[in-house]
Amino acid sequence: MDCVSPILDILTRLWDCTATNGSYIRHLKKNLNSLSEARRELEDLSEDVSRRVEEEEQQQRKRKKVVQGWFDAVESQIKEVDVILRKGEEEVPKKCLGSCCIYNCYSGYKIGKKVINKIRDVKELIKKGEIFENLQVTYKLPRPTVDGMVMEETVGFDSMLDEVWGHIADYRCRIIGLYGIGGVGKTTLLKKLNNKFLDINHHFDLVIWVAVSKEANLEKIQEVIRKKLNIPDEMWKNKGEEDKATEILISLRSKKFVLLLDDVWERLDLSKIGVSLYDNKKGSKIVFTTRSQDVCGRMGAHRRYKVECLSPEASMDLFRLTVGEDVFNSHPEIPRLAQIVVEECQGLPLAIITVARAMSSRRGPREWQHAIDELQSNPFRFAELACLLEKGEYSEDFVVMHDVIREMAVWLASNECKIVVLEDDKSSQQNRSDDFQEAFRMSVWGSAVEILHEATSCPRLRTLLLSFSVLKTFPSSFAESMHALTVLNLSHNLDLVELPEAIGKLIDLCYLNLSNTRIRALPIGIVLLKKLKILRLDGMRDLRKVPYPVISSLLSLQVFSWFPTELFELHTHWFYMENTVAGLESLENIRDISVTLCNVDDPRVEFSPKLQSCVKRLALVGTASFLLSPELRMDHLETLEIVDCYSVNIYFGDQGRTYCFRNLRHLSVKGCHFMKNLKWIRCAPNLRFLYVSDCHELSEIIGTYESPGTSEIEESHYVLSNLMFIDLQHLPSLTSICCRAVPLPYLKTISVNDCPGLRKLPLNSGSANNSLNAICGSREWWDQLEWEDEDAKNVFGSKFLAL
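Heads up: these notes are all about the structure in this document. Everything quoted here is computed from the prediction, not taken from an experiment. (Residues numbered from 1 in each chain as written. Predicted model: local features only at pLDDT ≥ 70, side-chain atom pairs only at ≥ 80, totals over all residues. Heavy atoms only, no water.)

1. Comments concerning the pattern of salt bridges
Part 1 of the argument: Across all of its chains, the model carries 29 salt bridges by this definition.
Part 2 of the argument: Salt-bridge contacts for lysine 679 lead to glutamate 700; the nearest nitrogen and oxygen are separated by 4.0 Å. Separated by 21 residues along the polypeptide, lysine 679 in the loop between strand S24 (666-670) and strand S25 (689-693) and glutamate 700 in strand S26 (residues 700-703) bring together distant segments of the chain.
Part 3 of the argument: The structure contains a network of salt bridges with shared partners spanning Arg39, Glu43 and Asp82. (Salt bridge = Lys/Arg side-chain N within 4 Å of Asp/Glu carboxyl O. Helix = DSSP H or I, 4+ residues; strand = E, 2+ residues; numbered from the N terminus.)

2. Notes on a negative patch on the surface
Part 1 of the argument: A contiguous patch of negative charge, built from Glu41, Asp44, Glu47, Glu130 and Glu133, is present on the exposed surface.
Part 2 of the argument: Tallying contributions element by element places helix H2 (residues 28-57) first for the negative patch, with 3 residues.
Part 3 of the argument: Mapped onto the elements, glutamate 133 comes out in the loop between helix H4 (105-130) and strand S4 (138-140).
Part 4 of the argument: Here glutamate 133 falls in the exposed class, since its relative accessible area comes to 56%. (Patch = residues over 30% accessible without salt bridge, like charges linked within 9 Å, V, L, I, M, F, W, Y side chains within 5 Å. Areas by Shrake-Rupley, 256 points an atom, 1.4 Å probe, with all protein chains shown as cover. Lys, Arg positive; Asp, Glu negative; His and termini not counted. Charge placed at Lys NZ, Arg CZ, Asp CG, Glu CD. Buried < 20%, exposed > 50% of the residue type's maximum accessible area, 1.4 Å probe, protein only.)

3. Side note on helix H7 (residues 218-229)
Given 3.6 residues per turn, any residue in an α-helix points the same way as the ones three and four places further on.
Part 1 of the argument: For H7, which comprises 12 residues, the first-to-last C-alpha distance of 16 Å matches the rise-based estimate of 16 Å (1.5 Å per residue) to within 8%.
Part 2 of the argument: Along H7, the residues that are buried comprise Leu218, Ile221, Gln222, Ile225, Arg226, Lys228 and Leu229. Here the buried residues of H7 occupy an arc of 160° about the axis, which is enough to place them on one side.
Part 3 of the argument: On its buried side, H7 packs onto strand S6 (206-213), helix H8 (241-253), strand S7 (257-264) and helix H9 (270-273).
Part 4 of the argument: Remark: asparagine 230 follows H7 within two positions and exhibits a positive phi of approximately 60°. (Expected span 1.5 Å × (residues − 1). Arc of directions from axis to C-beta. Contact = heavy atoms within 4.5 Å.)

4. Description of the sheet that holds strand S8 (residues 285-290)
Part 1 of the argument: Taken in spatial order, the 5 strands make up an open sheet running S6-S7-S8-S5-S9, and their pairing is parallel. Each of the sheet's edge strands pairs with one partner strand only, and the pair in question is S6 and strand S9 (303-306). Looking at each pair of strands side by side, their axes are set apart by 15° on average, direction ignored.
Part 2 of the argument: Of the strands in this sheet, strand S5 (175-179), S6, S7 and S8 are in contact with helix H6 (residues 186-199), which crosses S7 at around 165°. (Pairing = 2+ DSSP bridges. Axes fitted to C-alpha atoms, helices over the stretch in contact; angles between N-to-C directions.)

5. Notes on the environment of isoleucine 340
Part 1 of the argument: If you trace the backbone, isoleucine 340 turns up in helix H13 (residues 334-345).
Part 2 of the argument: For isoleucine 340, a relative accessible area of 25% puts it in the partly exposed group.
Part 3 of the argument: Here the alpha-carbon distance between isoleucine 340 and isoleucine 372, two residues 32 residues apart in the chain, equals 7.7 Å.

6. Some points on the packing of aromatic side chains
Part 1 of the argument: The tally for this structure, following the rule as stated, stands at 9 aromatic pairs.
Part 2 of the argument: Ring centres 4.9 Å apart and planes at 5° place the aromatic pair phenylalanine 689 and phenylalanine 725 in the stacked group. Taken together, the positions of phenylalanine 689 in strand S25 and phenylalanine 725 in strand S27 (residues 725-729) put the pair 36 residues apart, joining distant regions of the chain.
Part 3 of the argument: Measuring from ring centre to ring centre gives 4.6 Å for tryptophan 782 and phenylalanine 800, while their planes differ by 20°; the resulting arrangement is stacked. Here the residue tryptophan 782 occupies a position in helix H24 (residues 779-783), and phenylalanine 800 occupies one in strand S31 (residues 800-802), the gap between them amounting to 18 residues.
Part 4 of the argument: The class for tryptophan 782 is buried, based on a relative accessible area of 10%.
Part 5 of the argument: Looking at phenylalanine 800, the relative accessible area reads 9%, which means it is buried.
Part 6 of the argument: Taken together, the aromatic side chains of Trp782, Trp787, Phe796 and Phe800 make up a single cluster linked through ring pairs.
Part 7 of the argument: A cation over an aromatic ring shows up here: lysine 196 above the ring of tryptophan 165, its NZ or CZ 5.6 Å from the ring centre.
Part 8 of the argument: Residue placement shows lysine 256 over the ring face of phenylalanine 204; its charged tip is 4.8 Å from the ring centre. (Phe/Tyr/Trp six-rings, centres within 6.5 Å; stacked < 30°, edge-to-face > 60°. Lys NZ or Arg CZ within 6 Å of the ring centre and 35° of its normal.)

7. Section: the packing of H7 against H8
Part 1 of the argument: Interaxial distance between H7 and H8 falls to 10 Å at its minimum, and their mutual angle equals 35°. In this structure, the crossing between H7 and H8 has a hand that is left-handed. Along the contact surface, H7 presents Leu218, Glu219, Gln222, Ile225 and Leu229, while H8 presents Glu241, Lys244, Ala245, Ile248, Ser251 and Leu252. (Left-handed = near helix turned anticlockwise from the far one by under 90°.)

8. Topic: the packing of helix H5 (residues 158-168) against H6
Part 1 of the argument: Packing of H5 against H6 leaves a shortest axis separation of 10 Å and a crossing angle of 55°. Comparing the axis directions of H5 and H6 gives the class oblique. Regarding H5 and H6, the two cross each other, and that crossing is right-handed. Along its contact with H5, which presents Asp158, Met160, Leu161, Asp162, Val164, Trp165 and Ile168, the element H6 presents Leu189, Lys192, Leu193, Lys196 and Phe197. (Parallel < 35°, antiparallel > 145°, perpendicular 65-115°, else oblique.)

Laid out in structure tokens, this is it:
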């Protein structure tokens, strides 16, 4: 027994070895499949990690070395696996004896063992790669010393740039100020200076660019500097302005930096930001731009440069560069006409570039001459100069004027008469008594209206603008001192509740705007304003009525507007318009009316032919129904709002289609629960904006309609051809906008919210080809939409925005 045991142990080991080695051969096909599957899993994982790394690398980040090492290992392993798989497939056909033997057992054993080992290696690599799902695969790159600024080619700045650069190298000159009028090129010069640090060797550790602007925000300035310094979030969050300044000061103290501040309007206290040149002994610099030479002094500039308008030669060079040589040389007459255009711009780069871009689309001398005539006689008709006006923040009724244009306008007007502009800034309100005596036009904003109580006399004042301020009372004494006043704008003063009777002493007043005030009643003194041509009372929620004698006595009145400024006001604001409409009827010069009709006893809307031609905006509120006859011709109407009405119907008579609303642009319908459709908008072929909300039984917008002599398709195309915006809200019964797809060449936006039955839009692959920006709605609604064809679904899929 003593010698049997070792023999059995040896035999067992030999059997295990033989069985294991045999499995390499017997299960070769199965193991090859497992290796192939592991390879596919590794490759998929590599693609996922690679996609994540590439996305992060686009955000100024770099992949970690361990991640790159894994990618290299994956690439190497996949190559080795492919070799093994190819050799393994070659061995499989050599098997015989029911898969129990291979002619070359050693060859089969060898490849089988490699397969098993490689499966283990691949799975180990997969396991390492899966760890990256919970780890950061990249790290944030340090900010470059200088961030390049995107610029177009410039003209006329090289000599001043070289001079400023020379003082960058001067150790004694720490602060440099660049000043000049708006649009002259100060920002362009500063950008060129910034980019020069990219092209020339220098000894600065970093260059920081900060856009300051008129309303300087220290916190935003600190944030820009913080990002450039790479101060971590945990050292920044939940800290006040002073602590943030300390962090910046500590970071900058050890660095030689250049701080470029663009568009500085007032002195900046740099210590509150965390910037100090006196604690920094390394030769750091600050360069800033401003419109005021005084600001250069208050900022402590050691060197000041005035940025001048371009010379005539440089102006022409800039114009040619912008308009393009192909246009400039397209006709022998154009160089002469270009000289006239350049002279009109008076060397101001902003004006030259703007006009040149506009002229680049004009090729013939006749087009150029026409543009020059517009530019010289009325620049605002020069269409391409809209780019200097921005859309108002709160309403389409307002625009934001480019500050360069505003400055120029005030400057030009000041050459003819005294203009006073007061804003919230307290310093602008001091020593104004002499200004009031001489003022011809005055604009007062915000808290600056408080100074009106100090004004004793304004005998020459013609225009007074007091809108968007905190005016609570309009002083009688002030009204009594402005006998020459012709324009008075008190709009958007929400604390103003009454006007003094002295308003009647403004006998030359032609324009009076009280919109969006809280005035409850108009003073009887208004009847004395015999020269008043324009009276605006829009958005006056507390004004309940305008007495008949007031309206009928304003014999010169041409424009009357008493209209809600927001749609929701129509629910709470009840107008009594019968006497007002009668008073307007009696005025010979009236030509523009905006009114609201509420709870009218007679459902048939009747206006005299005179008033029909004058109504520009009309609101219909809270009446059982309105019946509009075909004789009603409201060609002047641009806005129609209908709220809480049972129905609106138009009798077309025997004449078929009638366009009694041919100039209607805006239509709003809300809370008309028994309205079935809006077929009558066929009377408004130029409709641009359609808003429909909370109409419970509305099932279709246009639907079907048979018009004599006109097919249904032609009718739909014509009616909807000018629509730009469609907004449909809370319409539970709506199933159709239009019976079929139509071109809609100007459509920009469709917004649909809570309209579950609307399963099809009037669109096909040829609709709104070049105009549509967005289709807004819920994801659930979008997924259930039906399309005419797959092409239409693909075309508009990229336009969907989930609400």
